[in-house]
Number of protein chains: 2
Amino acid sequence: MNRNTRFLIVGLGLIGGAYARRLTAMGYAVDALDIDPDAIEYALQEGIICQGAEYSDELVGRADFIVFGLYPTAMVEWLQAHQSALRPGALITDVSGVKTGVVDEVQSFLRQDVEFIGSHPMAGRELTGVRNSDERVFRGANFIITPTERNTQAAIDAVHQLAEILGFGRISQLSLREHDEMVGFLSQLTHVIAISLMNCKDNTHLAAYTGDSFRDLTRIARINEKLWSELFLLNKDVLAQEIDGFIQELARVRDRIQNNDQEGLRALMVNSTHRRAFFDKKN
Amino acid sequence: MNRNTRFLIVGLGLIGGAYARRLTAMGYAVDALDIDPDAIEYALQEGIICQGAEYSDELVGRADFIVFGLYPTAMVEWLQAHQSALRPGALITDVSGVKTGVVDEVQSFLRQDVEFIGSHPMAGRELTGVRNSDERVFRGANFIITPTERNTQAAIDAVHQLAEILGFGRISQLSLREHDEMVGFLSQLTHVIAISLMNCKDNTHLAAYTGDSFRDLTRIARINEKLWSELFLLNKDVLAQEIDGFIQELARVRDRIQNNDQEGLRALMVNSTHRRAFFDKKN
């Protein structure tokens, strides 16, 4: 990867659009593909891409570095349909929130003269589309690279460099499984909680009484249902287990309440206070 | 209640201290009692009370309006021990986060020539003590008055006026049961969730990967275990039921994940998105 590396963003939405903005601002040549002509039109007008199309063999064939901003299953389908157009030696990465069943799947059928390496920019907004894209959400955020045995050090280094260019704060490597367990707990379970808290009863008559804690817990209940239903199912075993573990912990609190076990409740609160303090320190 | 109304704060902690600061700043005479001599000493030095003591029949006897900043059970015990010292006609309120079993209990044994009316300032911080008290947390916050059949309109009006002086944004009335159901869902259940999310597994090795959503959901896992274990048990029936309802909703999500029910998951997300939008509108 160098100053002449030519990028192609496939799927110019909230995240793909932010990649395009930042890479173009940093002086790289960036093309884009998107099935929505309006997204391409907007990006051309804004000057955040050189050229764009719904699909173009020419743009695919001239790209050195391709970033998929598509949903995971759409990316797999796209690569199955169009991998013959890739330039030999092309490097490919994604932005998917789930890796097992995606990265290994792509690597199983991809041409041997190109390389796919998974990565996950852990940043986003409760919005969609290139018009809402904003590369500032990357500042200080986490970026995870998920190399497998099939990946080269050169590819790992190139994605690491990409993350630095994009402005991420902490760039680290995890295995596919480690990544999915981390995301299953920290991100997917928290979204399940927020969704369930909004849905568990008709609470709209209480809206006027809400304070910060309820609003903080439910902010992410506004969710892109197409993307997240797909992510949940791609990580189903991990996520189902996380939900079960969390349900068991809730049941423990309920049991101590029902048994008037004040000492037991205090112990749980002391533990949660101690652990949360550790999270504050780390951030 | 008028400019000459003399206040007594019993329990000069985070909330009691903030009442004292604001009332003194607004020109009222405020005394205070606290078992911690250091709290009284600090408040005198800061000029936020006129006089203070660990206990004083004289200060109790000259108060027109008494506000209990004590934990609910401590307040009940205090009134049982010291109600003989109250001035005839005195008005008394509290700041407790649970009302059933507290307000009705106090009203059942209190002298007939004084009046107790429950109220709940819905504001706080993850800190304790008068040194951390700050009346600015009241600005725009909710204040709930919980009158019973035993209360007079004059008492309701006086507590309403108190809430206005303190700077609360929305002042409303609920029955004891309505209050406890609202608090059980919006405040107590959210704290149970935050505690359980921190406790359900050893997650400290994930601290470096946390984003905003996890931090937002667990901020209130740092909790005053003495106060909250008491509040949970005072509201045990309501809270246990809320936890069970929430567990059922989580199990529904888990089942749809395990059944690969993408349409069903989407429907839950569409509903949570719709409801959360309503909460944004209201605030």
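Residues numbered from 1 in each chain as written. Chains lettered and ligands numbered in written order. Predicted model: local features only at pLDDT ≥ 70, side-chain atom pairs only at ≥ 80, totals over all residues.

Another point: the overall build of chain A. Regarding its fold elements, chain A presents eleven helices and nine strands. With the C-alpha coordinates of chain A rotated into their principal frame, the extents come out at 70 × 45 × 35 Å. For chain A, contacts bridging at least 24 residues in sequence account for 71% of all contacts bridging at least 6. (Helix = DSSP H or I, 4+ residues; strand = E, 2+ residues; numbered from the N terminus. Contact = placed C-beta atoms within 7 Å.)

Let us look at the domain arrangement of chain A. Residue and element names in this part refer to chain A. Splitting chain A by domain gives domain 1 (6–174) and domain 2 (179–282). Centre-to-centre, using C-alpha coordinates, domain 1 lies 31 Å away from domain 2. Within the residue set of the side of domain 1 that touches domain 2, elements represented by two or more residues are α4 (72–82) and β8 (142–146). Residues of the side of domain 1 that touches domain 2, tallied by class, amount to six nonpolar, seven polar and two charged. (Domains from an automatic or database assignment. Nonpolar A, V, L, I, M, F, W, Y, C, P; charged D, E, K, R; others polar.)

With 73 residues of chain A at the contact, the number on the chain B side is 73 residues. Mapped onto the side of chain A that touches chain B, the elements with two or more residues apiece are α7 (176–199), α8 (212–218), α9 (225–234), α10 (236–258) and α11 (262–282) of chain A. Split into classes, the residues belonging to the side of chain A that touches chain B amount to 38 nonpolar, 20 polar and 15 charged.

Moving on, we get to the relation of the copies chain A and chain B. Structural alignment of chain A on chain B gives an RMSD of 0.0 Å, achieved by rotating through 180° and translating 0.0 Å along the axis. Such a combination of rotation and displacement between the chain copies is what one expects of a two-fold axis. The residues that chain A uses at the interface reappear at the interface of chain B in 100% of cases, marking a shared surface. (Least-squares fit on C-alpha atoms with pLDDT ≥ 70 in both.)

Okay, the sheet that holds strand β7 (residues 118–122) of chain B next. All names here are of chain B. What the three strands build is an open sheet, ordered β7-β8-β9; its pairing is mixed. Bordering the open sheet on either side are β7 and β9 (170–173), each of which pairs with just one other strand. Across this sheet, the average inter-strand angle for adjacent strands is 15°, counted without regard to direction. Direction of pairing for strand β8 (residues 142–146) relative to β9: parallel, over a ladder of four bridges. Bridge pairing in β9 links Ile145 to Gln173. (Pairing = 2+ DSSP bridges. Axes fitted to C-alpha atoms, helices over the stretch in contact; angles between N-to-C directions.)

Turning our eyes to something else, we now look at the pairing of strand β7 (residues 118–122) of chain A. Residues and elements named next belong to chain A. Extensive coverage of β7 is indicated by the burial of five of its five residues. Of the two faces of β7, the one lined by Gly118, His120 and Met122 and the one lined by Ser119 and Pro121 are each fully buried. Note: β7 against β8, five bridges, orientation antiparallel. In the sheet register, Gly118 faces β8, and the bridge partner there is Thr146. (Buried ≥ 20, exposed ≤ 12 C-beta atoms within 10 Å, placed from the backbone.)

As a further point, take the environment of A:Leu14. All names here are of chain A. Its place among the elements puts Leu14 in helix α1 (residues 14–25). The buried category is assigned to Leu14, around which 24 C-beta atoms lie within 10 Å. Spatially, the C-alpha atoms of Leu14 and Val102 are 20 Å apart, while their sequence positions differ by 88 residues.

All names here are of chain B. All of the buried residues along helix α4 (residues 72–82) are Pro72, Met75 and Leu79. For α4, the arc enclosing every buried residue in end-on projection is 55°, short of the 170-degree limit, so these residues lie on one face. Residues of α4 that are exposed and angled more than 90 degrees away from the buried face: Glu77, Gln80 and Ala81. Structurally, α4 contributes buried residues whose contacts are with β4 (65–68), α5 (103–109) and α9 (225–234). (Arc of directions from axis to C-beta.)

This part covers the sheet that holds strand β4 (residues 65–68) of chain A. Residue and element names in this part refer to chain A. The six strands lie next to each other as β3-β2-β1-β4-β5-β6, forming an open sheet whose pairing is parallel. Taken across any chain shown, the strands that pair with only one partner, and hence form the sheet edges, are β3 (52–53) and β6 (115–116). Two strands pair when backbone bridges link them, and β4 and strand β5 (residues 91–94) are joined in this way by four bridges, in the parallel orientation. Counterpart to Phe68 in the pairing with β5 is Asp94.

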